[in-house]
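# An overview of the molecular structure
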Amino acid sequence: MKWRGRRRSSNVEDRRGMRVGKAGGIGIGTIVLALIAMYFGVDPRLVMNVGSQLGGTSATRQADYQPTPQEQEKVDFVKVVLADTEDVWNQVFQEYGKRYEEPKLVIFTGGVQSACGIAQTAMGPFYCPGDHKVYIDLAFYDELKRRFKAPGDLAQAYVIAHEVGHHVQNLLGYTKKVPRGSKGADSASVRLELQADCLAGVWVNHTQRAKKFLESGDLEEALNAASAIGDDKLQRQATGRVRPDGFTHGTSRQRQYWFSRGVKTGDINDCDTFRAASL
């Protein structure tokens, strides 16, 4: 994936090295974290019901925090990918006579306070509708490579594009269609996640047309990442069996299909999973 030498977004908040502490109340349980860790790109409204549980929080920066050169390169990469999403969605929204509100992306280490509550690294990247921000601990990219066996630049870019896809959904009103606790093979939660995958594919389509950024094997890397985080695959790895009634994100096949659909057509109208007869 060709990304060096291109515009970097200024909509990035660097909270690396900041410790989030609890001033009172109950923290997130380890059982909940274990379940959440099985999933990627989870809608915080479904699992981060901690706002009322916490009496307050505080955040302090570690003075001795020093990122490695490799980590700093990841920051540069994230800024370029976010800039690409801004270019695409500003253009698409303008074509539909709408104004795109660019989201902020927060880079953190260990834990972070969001409008959706406190999140730990184990949750993976997420989008919070409450503050219109994407959150990511760059350590997740190592997890993506090691645990999910999904290395590669476009696999990493897909992570960001998927979360920004949730922001696009929020702006277009789709997020409101998902009731709290929604799950199941044909649930609104699954449809929301698959739509975000499709929107990530739309981003790839438009960016490729404008910047010719793809290299050999890139799409295979992203499709591999989409497959690695399917509900069926994660459930089988965790428990040895598959329970469709517990799906929240879609199967590996579905995630690959909807991402590929966005890449192929580049049209957000082809990403309306809420109207699709089958997924």
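Our subject is the structure that appears above.
Residues numbered from 1 in each chain as written. Predicted model: local features only at pLDDT ≥ 70, side-chain atom pairs only at ≥ 80, totals over all residues. Heavy atoms only, no water.

### Points about the packing of helix α7 (residues 218–228) against helix α9 (residues 252–265)
- Packing of α7 against α9 leaves a shortest axis separation of 7 Å and a crossing angle of 145 degrees. For the element pair α7 and α9, the recorded crossing hand is right-handed. Judged by residue contacts, Leu219, Ala222, Leu223, Asn224, Ala226 and Ser227 of α7 engage Ser252, Arg255, Gln256, Phe259, Ser260 and Val263 from α9.
- Taken together, the residues of the contact of α7 with α9 break down into 6 nonpolar, 5 polar and 1 charged. (Axes fitted to C-alpha atoms, helices over the stretch in contact; angles between N-to-C directions. Helix = DSSP H or I, 4+ residues; strand = E, 2+ residues; numbered from the N terminus. Left-handed = near helix turned anticlockwise from the far one by under 90°. Contact = heavy atoms within 4.5 Å. Nonpolar A, V, L, I, M, F, W, Y, C, P; charged D, E, K, R; others polar.)

### What about the sheet that holds strand β8 (residues 133–137)?
- With mixed pairing, the 4 strands of this open sheet are ordered in space as β1-β4-β8-β7. Each of the sheet's edge strands pairs with one partner strand only, and the pair in question is β1 (12–15) and β7 (126–128). With strand direction ignored, the average angle separating the axes of adjacent strands in the sheet is 25 degrees.
- Where β1 and strand β4 (residues 104–108) come together, 4 bridges link them in parallel fashion. Considered in β4, the bridge of valine 12 is made with leucine 105.
- Across the sheet, helix α5 (residues 153–172) touches β4, β7 and β8, and the angle it forms with β7 is around 25 degrees. (Pairing = 2+ DSSP bridges.)

### Looking at the pattern of salt bridges
- Scanning the entire structure with this criterion turns up 18 salt bridges.
- For lysine 211, the salt bridge identified is with aspartate 84, shortest N-O distance 2.6 Å. Placement of lysine 211 in helix α6 (residues 188–211) and of aspartate 84 in helix α3 (residues 69–95) is noted, with a sequence separation of 127 residues between them.
- Take lysine 211: its relative accessible area is 29%, and that puts it in the partly exposed class.
- Residue classification places aspartate 84 among the buried residues on the basis of a relative accessible area of 2%.
- The salt bridge involving arginine 243 is made with aspartate 245; its shortest N-O contact spans 2.8 Å. (Salt bridge = Lys/Arg side-chain N within 4 Å of Asp/Glu carboxyl O. Buried < 20%, exposed > 50% of the residue type's maximum accessible area, 1.4 Å probe, protein only.)

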